[in-house]
Amino acid sequence: MNKQVGHMIAAPDRAEAKAALARLRAWAQCATPEEVADLDPVISRLLPSGEVQNYPALARAYPDEFEVSEAYKATLPDLQNGPSSLIKGAPRVIQHVGISNFRLPLKFHTRDNGDLTLETSVTGTVSLEAGKKGINMSRIMRSFYKHSASTFSFDIIEAALDDYKTDLESFDARIQMRFSFPMKVASLRSGLEGYQYYDFALELIEVEGVRRKIIHLDYVYSSTCPCSLELSEHARQTRGQLATPHSQRSVARISAEAAQGDCLWFEDLIEMCRAAVPTETQVMVKREDEQAFAELNAANPIFVEDAARLFAQRLEQDERVGDFRVIASHQESLHSHDAVSVLTEGELFESESLDPKLFSTLFHVG
């Protein structure tokens, strides 16, 4: 019985493959991209540019007339909400993920029943489960914009947090809103008035189903060194030598938890600070005001430790304040460094670690 064996093609050796590659490259350099793609798009990778030329000529003008249909929208890729197989790095819970510093004008109610519209910087974050790739961050903004026509209070912030917590299917969530709050302040003796601007932030956090409301305020004041004051007086009394104590612009960042009950107004917190440390920097100043300010500083000399304790004393006397934190920075005119202190009350603000740039954020340029 005769058995026919088909013709077998021997595999080319390296020299033959090298010659074939050179010939293929030579052809591809002379051919059009369409010819290359028609034969095999992979050939484009053999060219010096290494680009895959398997696309037709693309339109370069922006298509003004194009409209997105629901069907088209459904075809769009969404990597952030993709499966857990797309996660890069450790599949861990992320405590905070969201957006920071998106700005919009918001209305706030004042203690005297007036409304102010203020430019507000919003930070919104949620927690992310270990098995989820990411979140749709624009939903945070959209949720917030739904309430942007309201006069803001913690009740409205809670409603916004409810919305985006539901939209993003998250277990924890946070909102922080920063703005500069104007308040008219009278000069010490001349009778003039001017607007003092106070940096405020409202923060609402929900962790494991528990919500807490926090008001942050940066209060700017002058601090006269008690030691320098006494040394200056010593020079005057013992040697007839004119001397002046050193003082400096100082900042206290007050963070107060708003307890249940009556409203803790922005103006209330400012007045607490002013009662604790009355040497607030001035807006309108004539000569009689400047003299009064010198006398006020001499009557209230404080170290940075004194400042922290004085603010704490006022805060703990008000039933509307729960846990609190006082961070004080005296930005020295004597030393080339600052004097700082941190005092906390309650577990909300307890921390063994400090942000390396915490105190540098207390620098105010006016």
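> I would appreciate a short explanation of the side chain of Glu 203 in the present structure.
Its place among the elements puts Glu 203 in strand E5 (residues 193–207). The charged side chain of Glu 203 is buried without a salt bridge, its nearest counter-charge being Arg 325 at 6.7 Å. Ignoring anything within four residues of it in the chain, the contact list for Glu 203 reads Phe 154, Ile 175, Gln 176, Arg 212, Lys 213, Ile 214 and His 216.

> Even after reading the chapter, I still don't get the pattern of salt bridges, so can you show me in this structure?
Side chains that carry opposite charge are capable of pairing whenever their charged atoms lie near each other. According to the stated counting rule, one finds 20 salt bridges in the structure shown. Between Arg 212 and Asp 323 there is a salt bridge, with its nearest N and O atoms 3.3 Å apart. With Arg 212 in strand E6 (residues 210–224) and Asp 323 in strand E8 (residues 321–330), this pair connects stretches of sequence that are 111 residues apart. What makes Arg 212 buried here is its relative accessible area of 18%.

> Got a minute to help me understand the confidence of the model for the protein in this structure?
Keep in mind that low pLDDT regions are not for reading the predicted coordinates in detail. Per-chain confidence: the protein averages 90 in pLDDT, with 94% of residues scoring 70 or above. By mean pLDDT, helix H2 (residues 33–39) is the weakest element of the protein at 76, and helix H9 (residues 304–316) is the strongest at 98.

> Any chance you could explain the sheet that holds E6 here in plain terms?
Paired through their backbone hydrogen bonds, the strands of a sheet run either parallel or antiparallel. Read from one edge to the other, the open sheet built from nine strands follows the order E3-E1-E2-E4-E5-E6-E7-E8-E9, with strand pairing classed as mixed. Where the open sheet ends on each side, the last strands, each with one partner, are strand E3 (151–152) and strand E9 (339–345). Two elements, strand E1 (residues 94–109) and E3, share two bridges in a ladder whose sense is parallel. If you follow Lys 107 over to E3, its bridge partner there is Thr 151. Strand contacts of helix H7 (residues 266–276): E1, strand E4 (173–186), E5, E6, strand E7 (247–258) and E8, with the helix running at about 65° to E4, the strand carrying the most contacts.

> Just to check I follow, could you spell out helix H6 (residues 226–239) for this structure?
The α-helix advances 3.6 residues per turn, and as a result positions three or four apart in sequence lie on the same side. In this model, H6 (14 residues) spans 20 Å end to end at C-alpha, consistent with the 20 Å of a helix rising 1.5 Å per residue. For H6, every residue scored as buried is listed here: Pro 226, Ser 228, Leu 229, Ser 232 and Ala 235. The elements touched by buried residues of H6 are E6, helix H8 (287–299) and H9.

> Whenever I open this one, the nonpolar core confuses me. Can you help?
Counting 59 residues, the largest nonpolar core has Phe 108, Phe 144, Met 177, Phe 200, Tyr 221 and Phe 311 as its most contacted members. It is E4 that contributes the most residues to this core, seven residues altogether.

> Got a minute to help me understand the state of the cysteines in this structure?
Here a disulfide denotes a covalent bond joining the sulfur atom of one cysteine to the sulfur atom of another. Scanning the entire structure with this criterion turns up zero disulfides. As a non-bridged cysteine, Cys 263 has Cys 273 as the owner of its nearest cysteine sulfur, 16 Å distant. Residue classification places Cys 263 among the partly exposed residues on the basis of a relative accessible area of 43%.

About the thresholds
- Residues numbered from 1 in each chain as written.
- Predicted model: local features only at pLDDT ≥ 70, side-chain atom pairs only at ≥ 80, totals over all residues.
- Heavy atoms only, no water.
- Helix = DSSP H or I, 4+ residues; strand = E, 2+ residues; numbered from the N terminus.
- Buried < 20%, exposed > 50% of the residue type's maximum accessible area, 1.4 Å probe, protein only.
- Lys, Arg positive; Asp, Glu negative; His and termini not counted.
- Salt bridge = Lys/Arg side-chain N within 4 Å of Asp/Glu carboxyl O.
- Contact = heavy atoms within 4.5 Å.
- pLDDT = per-residue confidence, 0-100.
- Pairing = 2+ DSSP bridges.
- Axes fitted to C-alpha atoms, helices over the stretch in contact; angles between N-to-C directions.
- Expected span 1.5 Å × (residues − 1).
- Core = buried A, V, L, I, M, F, W, Y, C linked by side-chain atoms within 4.5 Å.
- Disulfide = S-S within 2.5 Å.

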